[in-house]
Amino acid sequence: MKPTSCTVPIKVRYVECDPMGYLHHSHYLPYFEIGRTELLRQCGVAYKDLEAMGVFFVVAKVTINYKLPARYDDDLELVTKITRQTAVRIEHDYEIYNANTRL
């Protein structure tokens, strides 16, 4: 059975933060990309191999609800889940945690 979720550790880097030390909102989308590619890898598929076969994924919609901020040097856990899958679409849900607190 193929996994439908994965957890990836992420350390918030200084370069990703605003002058107040908070993770800038623009860096969440690259984190989500990490989650998607790692979930694919755990399913036994490398994204670069799909691209070599002419298969490309398009992000068609993104909605983010920020609950709490992440800060410089935080150790986060990104949980990526497949919530819906058809022949032409894969929908994901992402949750980021800092010490078991959902951000």
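In the block above lies the structure referred to throughout.
Structure report, in brief. Per chain, residues are indexed from 1 in the order of the written sequence. pLDDT decides what is reported in this predicted model: residues at 70 or higher carry local features, side-chain atom pairs at 80 or more are listed and counted, and totals for whole chains, interfaces and linings draw on all residues regardless. Computation of side-chain values covers all heavy atoms of the structure but excludes hydrogens and water.

## So, the nonpolar core
Phase 1: Counting residues in hydrophobic clusters, the biggest one holds 16 residues, and the most contacted among them are Val-12, Tyr-31, Ala-70, Leu-76 and Ile-96.
Phase 2: Secondary structure follows DSSP: runs of H or I at least 4 residues long count as helices, runs of E at least 2 residues long count as strands, and numbering of each begins at the N terminus. Secondary-structure elements contributing two or more residues to this core are strand S1 (5-11), helix H1 (28-42), strand S2 (75-85) and strand S3 (90-98).
Phase 3: What makes two residues a contact is simply this: any of their non-hydrogen atoms within 4.5 Å. Val-12 has contacts with Cys-17, Leu-23, Tyr-31, Ala-70, Arg-71, Tyr-72, Asp-73, Asp-74 and Leu-76, leaving out every residue within four places of it along the chain. In this text, buried Ala, Val, Leu, Ile, Met, Phe, Trp, Tyr and Cys residues form a nonpolar core when linked through side-chain atoms within 4.5 Å. Relative accessibility decides the category of a residue: with a 1.4 Å probe and only protein chains considered, values under 20% of the type maximum give buried, values over 50% give exposed, and everything between is partly exposed.

## Quick look at the pairing of S3
Phase 1: Here, strands pair whenever DSSP counts at least two bridges between them. Bridge count between S2 and S3: nine bridges; the pairing is antiparallel. In the strand pairing of S3, Arg-84 is matched with Glu-91.
Phase 2: What sits between the antiparallel neighbours S2 and S3 is a turn of four residues.
Phase 3: Two strands pair when backbone bridges link them, and S3 and strand S4 (residues 101-102) are joined in this way by two bridges, in the antiparallel orientation. Each residue of the ladder has a partner; that of Asn-98, found in S4, is Thr-101.
Phase 4: Hairpin connection, S3 to S4: the antiparallel pair is bridged by two residues, and Ala-99 has positive phi, about 50°.

The quantities given are spatial measurements derived from coordinates; they are silent on function.
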